[in-house]
Amino acid sequence: MKKDVDGLGDLSPIDLALLEYLNEKAPFVSMMIEGDWGAGKTHYLRTRGSRIAARANKRCISFSVAGLESRSDLERALFFASAPILDNGYAEALGVFTRAAMRWVNIEPSELKLKADISSEKVVVFVDDIERFAGDQRIILGFVIDLVDNNGIHVVVVSSEKKLLSSSSYLGEWKEKVVGRTVRLNPSPEDMVDAALTEIASKFAADRLKALRNSLVGVVSKSDLKSFRAVKHSIREIGKVIELIGDSYDGMNYKKEVLVEGILVGLLEIKRNASCTLRIADLFSHSDLRVAYEAVTSKGLDSSGNKNEKDFVEIIFDRYAGTEIINFNGGLVFYNFYANGIFDAKLLIDGFMEISSAREDVKSAGEVDGMSVLSFSAFDFSQAEFDAQFDYIKGRLSGSEFRSVSAVVRIYVSMRYWAQRRIISMSPDDVAKLCISAIDGIPAGELLDPSADTDVFWFQKQMDDSDVDVEEAVRKKIAESMEDSLSKQRQAVRRWLDGDSDSVVDLKSEWLLAPLFVDEVEEWISAFRSASPARIQEVLRLLSARSRVAGVGSNLRQEVSLLSAIATGVEKGLPTEGDLSLMQSQLIELATMLRSLDSNVAAFLEMERNFPGTDAGNAEQ
């Protein structure tokens, strides 16, 4: 690299070649910048190319010839591109706008000349997408020769030479008659990442991605993709994700690298082959890629017809060996991200934090010289080392010491494989029973990953009975944990009504479709009768909002009958006639609304039972 002195930094060989060409006083040929589609040729023209031209005291006129067919088309495109050049140093006419303008602007070819006050020695014309010219190549060949020979203008043609050579109308004399020097744009991973980082719109996201620049370069390098367009778009998407996560991103610590590398791998692989989008979405939609990898690769090729899945997963992990992708954990939020373009930052953060806890739970299962049998192949250990680790893990499972369903499933996958290979003296059914017992033994209030993906066996195309039983145990434990969490939240609401907390509570956002009044009738009555008017008013807003939501009955079926019981207790002892205090008036209104909601929910459920195919109807039958 040769040092530059006017702000461009180090000049690349392409920079130097372009600068030397533009400094020629009387060009007799054009120059070609060649590269694969997506390599960043147009981006180069807009950025460094225009700055190199300024270094040579020239202004840029750039236009694409994609879709153009005739000499008149080319001349009009040149005219539209050159029109604003007096106001800007870099003028460009995108092909779609040029073609649109050609349909309604009536200009004779004889009138299409560069502005009189723009001399040929002060401009350079960039002719982009040569290979996509729709007409006879002799037309564009003659056009470029005319610009260079008859007008003395420096012309840089830009194309994918591979595509140009495969064109049915390719002329062998292109290089001989039109092009002098050809330089190939083949950006390095560093070039592509650095350029992409400069185009991140959010400073917040850009600063945080720059801190992981080496990780980004490592992934792009391993991908072996040469498309700058694919890299730029993928890094932009990561920037949007970081922007959505916001300040919570900074609290992710080492997980930032796992997140960024994982997303980049998925996006680049989709760019490589769009047909694998749903496979990528599947692969990234569970709680731990390490589990997915072992689950798929440990199965026999003919055991469940999953050879394609096995091959795909092995290719991905072999390609990105050494990156943090193996530790990526995104959950179902990433299925929506890759498959549907929908992203939920809160679900992602929750998933990452929970699975990190689960991973620590697994990691605590003993190590030999820093190696866990759950993180390495069993065949990397001596028999004594393996037996010691297996006995320790088995003992912890038997004692219900784990607090993560993801951790137990992680162990189940490995132990089932060992059982299938007869490495351990347990059958796959015995392994399933042991792991189910460990899951059942997790206290609901101590579950580390209550939001774990319940479809933990997504990789099984044909699940056997043991898999189904373990999956059901996971679903049951997650449901218990969710109910335990809701119970604690209901207690917090009652304490808030009693005045134990000064916090602001938005009942409408938290309990609109979640069952709130499902337990401790007497405690609810006591809380309501001791609440302040402002807090009763918040409850009334919740009940009013519920009355306007379609289908609310299905979600609130647990509250049926309890609502009326609470209403009766709330209005007990209140005057039936005469003046009421503000508080007494509110309590009567509260009782009325509770009864009304109870009646509405009951009517909805009755209607549901009368229609075959609904959950209530099936249960009734």
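Residues numbered from 1 in each chain as written. Predicted model: local features only at pLDDT ≥ 70, side-chain atom pairs only at ≥ 80, totals over all residues. Heavy atoms only, no water.

### Observations concerning the overall build of the chain
Defined as follows: In DSSP terms, a helix is any run of H or I states spanning at least four residues, a strand is any run of E spanning at least two, and both are numbered starting from the N terminus. Residue exposure (1.4 Å probe, protein chains only): buried if accessible area is under 20% of the type maximum, exposed if over 50%, otherwise partly exposed. Two residues qualify as a contact provided that any one of their heavy atoms is within 4.5 Å of a heavy atom in the partner residue. We get accessible surface area from the Shrake-Rupley algorithm with a probe of 1.4 Å; when it comes to residues, only the shown protein chains can shield them.
The secondary structure content of the chain amounts to 28 helices and 6 strands. Residues classed as buried in the chain amount to 49% of the 621 residues present. Taking the contacts inside the chain whose residues are at least 6 apart along the sequence as the reference set, 76% of them involve residues at least 24 apart. Summing over all exposed atoms, the chain offers an accessible surface of approximately 29,200 Å²; the carbon and sulfur share of this is 49%.

### Quick look at helix 26 (residues 562-571)
Note the threshold: It is the directions from the helix axis to the C-beta atoms whose arc is reported.
For helix 26, the full list of buried residues reads Leu563, Ile566, Ala567, Gly569 and Val570. On an axial view of helix 26, the arc spanned by its buried residues comes to 165 degrees, and they lie on one face. Backbone geometry just downstream of helix 26 places Gly573 in the positive-phi region, at approximately 85 degrees.

### Some words on the layout of surface pockets
Stated formally: Buried and open spaces are told apart on a 1 Å grid over the protein atoms alone, a cavity being a set of points where a 1.4 Å probe fits but cannot get out and a pocket being an open set with protein on both sides within 12 Å along at least five of seven lines. Residues with an atom within 4 Å of a point are the lining residues. Grid points are joined across faces, edges and corners, and a volume is the space filled by probe spheres set on the points. Nonpolar residues are Ala, Val, Leu, Ile, Met, Phe, Trp, Tyr, Cys and Pro. Charged residues are Asp, Glu, Lys and Arg, and all others, Gly as well, are polar.
For the largest pocket, the calculated volume is near 600 Å³. If you list the elements that add at least two residues to the lining of the largest pocket, you get helix 1 (13-22), helix 2 (41-55) and helix 8 (189-198). Grouping the constituent residues of the lining of the largest pocket by class yields 9 nonpolar, 6 polar and 8 charged.

### A closer look at unusual backbone geometry
Most peptide bonds are trans, and most residues other than glycine sit at a negative phi. The phi dihedral of Asp224 falls on the positive side, at around 60 degrees, and the residue is not glycine. Unusually for a residue other than glycine, Arg422 sits at a positive phi of about 60 degrees. A residue is classified by how much of its surface remains accessible, and Arg422, at 75% relative accessible area, is exposed.

### Comments concerning the nonpolar core
Operational definition: Take the buried residues of types Ala, Val, Leu, Ile, Met, Phe, Trp, Tyr and Cys, join any two whose side-chain atoms come within 4.5 Å, and each joined set is a nonpolar core.
Formed by 55 residues in total, the largest nonpolar core has its most connected members in Ile235, Ile263, Phe334 and Tyr338. Tallying contributions element by element places helix 12 (residues 255-272) first for this core, with 9 residues. The contact partners of Ile235, leaving out residues within four places of it in the chain, are Val193, Ala196, Leu197, Ile200, Leu209, Leu216 and Leu264. Formed by 34 residues, the second largest nonpolar core is a distinct cluster that contains Leu374, Phe402, Val409 and Val474.

### Points about the pairing of strand 1 (residues 30-34)
Basically, it comes down to this: Two strands are counted as paired when DSSP detects at least two bridges linking them.
In terms of burial, strand 1 is a largely internal element, 5 of the 5 residues being buried. Of the two faces of strand 1, the one lined by Ser30, Met32 and Glu34 and the one lined by Met31 and Ile33 are each fully buried. Pairing of strand 1 with strand 6 (residues 179-184) involves 4 bridges; the strand directions are parallel. Bridge pairing in strand 6 places Glu34 opposite Arg184. Inspection of the sheet shows strand 1 paired to strand 5 (residues 154-159) by 4 bridges, in the parallel sense. Counted as the bridge partner of Glu34 is Ser159 from strand 5.

### Some words on the packing of aromatic side chains
The relation between two aromatic rings is expressed through the spacing of the ring centres and the mutual angle of the planes. Rules: Put simply, two rings from Phe, Tyr or Trp (the six-membered ring, in Trp's case) pair if the centres are within 6.5 Å, and we call them stacked under 30 degrees between planes, edge-to-face over 60, tilted for the rest. Working rule: Lys NZ or Arg CZ, within 6 Å of ring centre, within 35 degrees of ring normal, means a charge sits over the ring.
Enumeration according to the criterion identifies 8 aromatic pairs in this entry. Ring pairing ties together the aromatic residues Phe386, Phe390 and Trp418, which thus form one cluster. Over the ring of Phe402 we find Arg396, and its NZ or CZ is 4.1 Å from the ring centre. Over the face of the ring belonging to Trp524 we find Arg494, whose NZ or CZ atom lies 4.9 Å from the ring centre.

### Things to note about helix 12
Here is the rule: For a helix, the expected span equals 1.5 Å multiplied by the residue count minus one.
Taking 1.5 Å of rise per residue, 18 residues should cover 26 Å, and helix 12 covers 26 Å from first to last C-alpha, within 8% of that figure. Burial of helix 12 is extensive: 14 of the 18 residues sit out of reach of the surface.

### Some words on the packing of helix 9 (residues 203-210) against helix 11 (residues 228-245)
Formally: Geometry is summarised by axes, namely lines fitted to C-alpha atoms with helices restricted to the contacting stretch, and by angles between N-to-C directions that run from 0 to 180 degrees. Put simply, angles under 35 degrees are roughly parallel, angles over 145 are roughly antiparallel, angles from 65 to 115 are roughly perpendicular, and the rest are oblique. Note: crossing handedness is left-handed where the near helix turns anticlockwise from the far helix by less than a right angle, and right-handed where it turns clockwise.
The contact between helix 9 and helix 11 brings their axes to 9 Å, and the two run at 115 degrees. In terms of orientation, helix 9 and helix 11 fall into the roughly perpendicular class. The two elements helix 9 and helix 11 meet at a crossing, and its hand is right-handed. Counted together, Phe204, Ala205, Arg208 and Leu209 of helix 9 and Ile235, Ile238, Gly239, Ile242 and Glu243 of helix 11 form the full contact between these two elements. In terms of residue class, the contact of helix 9 with helix 11 is made up of 6 nonpolar, 1 polar and 2 charged.

### Overview of the environment of Leu16
By secondary structure assignment, the location of Leu16 is in helix 1. We classify Leu16 as partly exposed; its relative accessible area is 22%. Along the sequence, Leu16 and Ile52 sit 36 residues apart, while their C-alpha atoms lie 8.7 Å from each other.

### Concerning the packing of helix 24 (residues 533-546) against helix 27 (residues 582-609)
For any two helices packed against each other, the geometry is given by the interaxial angle and the distance between the axes. Where helix 24 meets helix 27, the axes come as close as 10 Å, and the angle between the chain directions of the two elements is 25 degrees. Between helix 24 and helix 27, the interaxial angle falls into the category roughly parallel. Crossing handedness for the pair helix 24 and helix 27: left-handed. In this structure, helix 24 uses Pro533, Ile536, Gln537, Val539, Leu540, Leu543, Ser544 and Arg546 to contact helix 27, whose residues at the interface are Leu582, Met583, Gln586, Leu587, Glu589, Leu590, Met593, Leu594 and Leu597.

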